[in-house]
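# Inside the fold
Residue strings, one per chain:
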Amino acid sequence: MTLILGIETSCDETAAAVVQEGGKILSNVVASQVEIHAQYGGVFPEMASREHVLKIIPVVAEALQTANVTWCDLAAIAVTHGPGLAGSLLVGVNAAKALAFANDLPLIGINHLEGHIYANWLQTNGAPLAEKEFPLIALLVSGGHSELVLMRGHGDYELLGHTLDDAAGEAFDKTARLLGLGYPGGPAIQKAAEGGNPDLHKLPRAWLRGTYDFSFSGLKTAVLHLTASFEGKRRLPVADIAASIQMAVADVLTEKTKQAAGQFGARQIILAGGVSANAQLRQTMHERAPVPVHIPPPKFCIDNAAMIAAAAHPHLARGELSGWNLDVLPNLKLPTRHGQAPA
Ligand code: KG4
Ligand code: ZN
């Protein structure tokens, strides 16, 4: 039985989890700082680091206690070492090193983006542990990333496309601000869109034909002009605009993913990252995809440590351990077949 303790502190969630065999979740503890940062309209980096320092030990202790395991039961400690906020990452990495050293356990540094992808290997909602069928297309959409990736096996990533400007999550966060909705923008837009008409205000889609790249900055500009056109005239139709934003993002992400699945003969599509929690995107992808689609439940799409432990499992199996020289890498990219992904 292989139990891995995962630790995640790359942004504004202090999280720890114990996962068995890369999929069975024995515990999943997340201390969210969202309310602290909401008043600033975004993550306040120094405040995030300080909160991690306060929460990391209680969160790890709770993860072990809930899983009903002791240090001796663990096979390794996995920790996110990038990408993310340097100060936040340092807290998790330093704690993981100390705990690994004190308990004589192997340490595994995990790429946060790989973690999001491996949330798809977690056993959730009582479903059996299902192996994924390769080749598959992974759509990774979070606050800082929008990437379309071809996976031919575990840890084998080929970057097909990425965003040329804003990430999908950033598009939600920035347009939410324009609509006067709270932070984080994605959940706020989803809530505001309930009952809204997505066809009343047609927003632009950047198709960037012939590539698998994305661009969302035009959407932000269009929303800026649209909101300005209502100023001093009539009340802003927030629900309709929010619904149109969701549809514009979901439309482009779904069509590009579908196209890639067709071209590369994918047997499956998986979604990952905070934006894949979006109900409109989930529905659109399920409706239009030509192959089976797997999307983790929303709480495993947003940052958590179970996904970090899941991603560590194949690394441990291959004997890929980190040394005490493990450093934080705020700009870490997904390791792709053709070297590093373009910045
Ligand atoms: O993966 P994540 O939790 O953190 C990063 O690694 O970036 O993603 C956070 C992003 C934010 O931009 C947030 O607005 C977006 O995911 N997000 C959503 C939803 N929940 C979170 N976007 C759209 N709909 C949602 N329900
Ligand atoms: Zn994330």
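Residues numbered from 1 in each chain as written. Chains lettered and ligands numbered in written order. Predicted model: local features only at pLDDT ≥ 70, side-chain atom pairs only at ≥ 80, totals over all residues. Heavy atoms only, no water.

This next bit is on unusual backbone geometry. Across the chain, the bulk of peptide bonds are trans and the bulk of non-glycine residues have phi less than zero. Pro135 follows Phe134 through a cis peptide bond whose omega is -5°. Topologically, Pro135 is positioned in the loop between helix 4 (112-118) and strand 6 (136-141). Of the consecutive residues Tyr183 and Pro184, the connecting peptide bond is found in the cis state with omega at -5°. Mapped onto the secondary structure, Pro184 falls in the loop between helix 5 (168-178) and helix 6 (185-192). The phi dihedral of Glu21 falls on the positive side, at around 50°, and the residue is not glycine. (Helix = DSSP H or I, 4+ residues; strand = E, 2+ residues; numbered from the N terminus.)

A few words now on the packing of helix 6 against helix 8 (residues 238-263). Axis separation between helix 6 and helix 8 bottoms out at 8 Å; the angle between their running directions is 120°. Taken together, the axis directions place helix 6 and helix 8 in an arrangement best described as oblique. In this structure, the crossing between helix 6 and helix 8 has a hand that is left-handed. Facing helix 6, whose interface residues are Ile189, Gln190 and Ala192, helix 8 presents Val238, Ala239, Ala242, Ile245 and Gln246. Among the residues making up the contact of helix 6 with helix 8, the classes are represented as six nonpolar, two polar and no charged. (Axes fitted to C-alpha atoms, helices over the stretch in contact; angles between N-to-C directions. Parallel < 35°, antiparallel > 145°, perpendicular 65-115°, else oblique. Left-handed = near helix turned anticlockwise from the far one by under 90°. Contact = heavy atoms within 4.5 Å. Nonpolar A, V, L, I, M, F, W, Y, C, P; charged D, E, K, R; others polar.)

Opposite charge on two side chains permits pairing when their charged atoms draw close. Overall, the coordinates contain 12 salt bridges when judged by the stated rule. With its nearest N and O atoms 2.7 Å apart, the salt bridge here joins Arg288 to Asp251. With Arg288 in helix 9 (residues 279-288) and Asp251 in helix 8, this residue pair connects regions lying 37 residues apart in the sequence. Close ionic contact of Arg318 with Glu320 constitutes a salt bridge, the shortest N to O distance being 2.8 Å. (Salt bridge = Lys/Arg side-chain N within 4 Å of Asp/Glu carboxyl O.)

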